[in-house]
Amino acid sequence: MPFCPEKVADNLEKQGISQLYLIGGCHSTHHLNECHNVIKRRKLKIQIIGIPSSIDNDIPFVDRSFGFETAVAEAVPFITAANVEAEAAEYGVGIVRLMGRETGILAVAASLASRDVNVCIVPEISF
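Summary of the structure given here. Only a predicted model underlies this, so the values are computations on that prediction, with no experimental measurement involved.

Basis of the calculations
Per-chain numbering applies: the sequence of each chain, read as written, is numbered from 1 onward. Residue-level local features of this predicted model are given only where pLDDT is at least 70; pairs of side-chain atoms are given and counted only at 80 or more, and the full residue set underlies all totals for whole chains, interfaces and linings. Excluded from the side-chain calculations are hydrogens and water; all other atoms, namely the structure's heavy atoms, are used. Each helix is a run of H or I in the DSSP string that is no shorter than four residues. Each strand is a run of E no shorter than two, and both are numbered from the N terminus. The contact criterion used is simple: two residues touch if any of their non-hydrogen atoms lie within 4.5 Å. Each salt bridge in this description consists of a side-chain nitrogen of Lys or Arg and a carboxyl oxygen of Asp or Glu lying within 4 Å of one another. Only protein chains enter the area calculation, which uses a 1.4 Å probe; residues under 20% of their type maximum are buried, those over 50% are exposed, and those in between are partly exposed.

### As for the environment of I55
Step number 1: Mapped onto the elements, I55 comes out in the loop between β2 (47-52) and α3 (68-88).
Step number 2: A C-alpha to C-alpha distance of 11 Å links I55 and A109, two positions 54 residues apart in sequence.
Step number 3: Among all residues touching I55, those that are not within four sequence positions of it are F66, G67, F68, A71, M99 and L106.

### Examining the pattern of salt bridges
Step number 1: This structure, assessed with the given rule, holds four salt bridges.
Step number 2: We note a salt bridge from E6 to R42, for which the minimum N-O separation is 2.6 Å. With E6 in helix α1 (residues 5-14) and R42 in helix α2 (residues 26-42), this residue pair connects regions lying 36 residues apart in the sequence.
Step number 3: The residue D10 makes a salt bridge to R42 at a minimum N-O spacing of 2.6 Å. Of this pair, D10 sits in helix α1 while R42 sits in helix α2; the two residues are 32 residues apart in sequence, bridging distant segments of the chain.
Step number 4: With relative accessibility at 38%, the residue D10 sits in the partly exposed group.

Here you go:
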């Protein structure tokens, strides 16, 4: 179902909500902006507040975004498990792939937090 800012504005107005808080990343802020435009055009008295959140920690002007520390903490046990499996086999190699849109910050932070990582490859970085 596609996002419809008109329906969001209708529901906020119908329920008498005067403040909307949205926690999210790039897509969420895009939708938030669409809602803001509809609310502004209708001249509704609804405040919209966007709280940046991204497990990539790639939001400009934000040192640590919500979700980043949790994503790093959740990645470390998987790295540890891959290392245990790799050490159990002769010439074993453990590979863990972590998501990252364009920065590789999550992969690097989890690698540093783990102590079991020998190599961290960040394909988004080109030389």
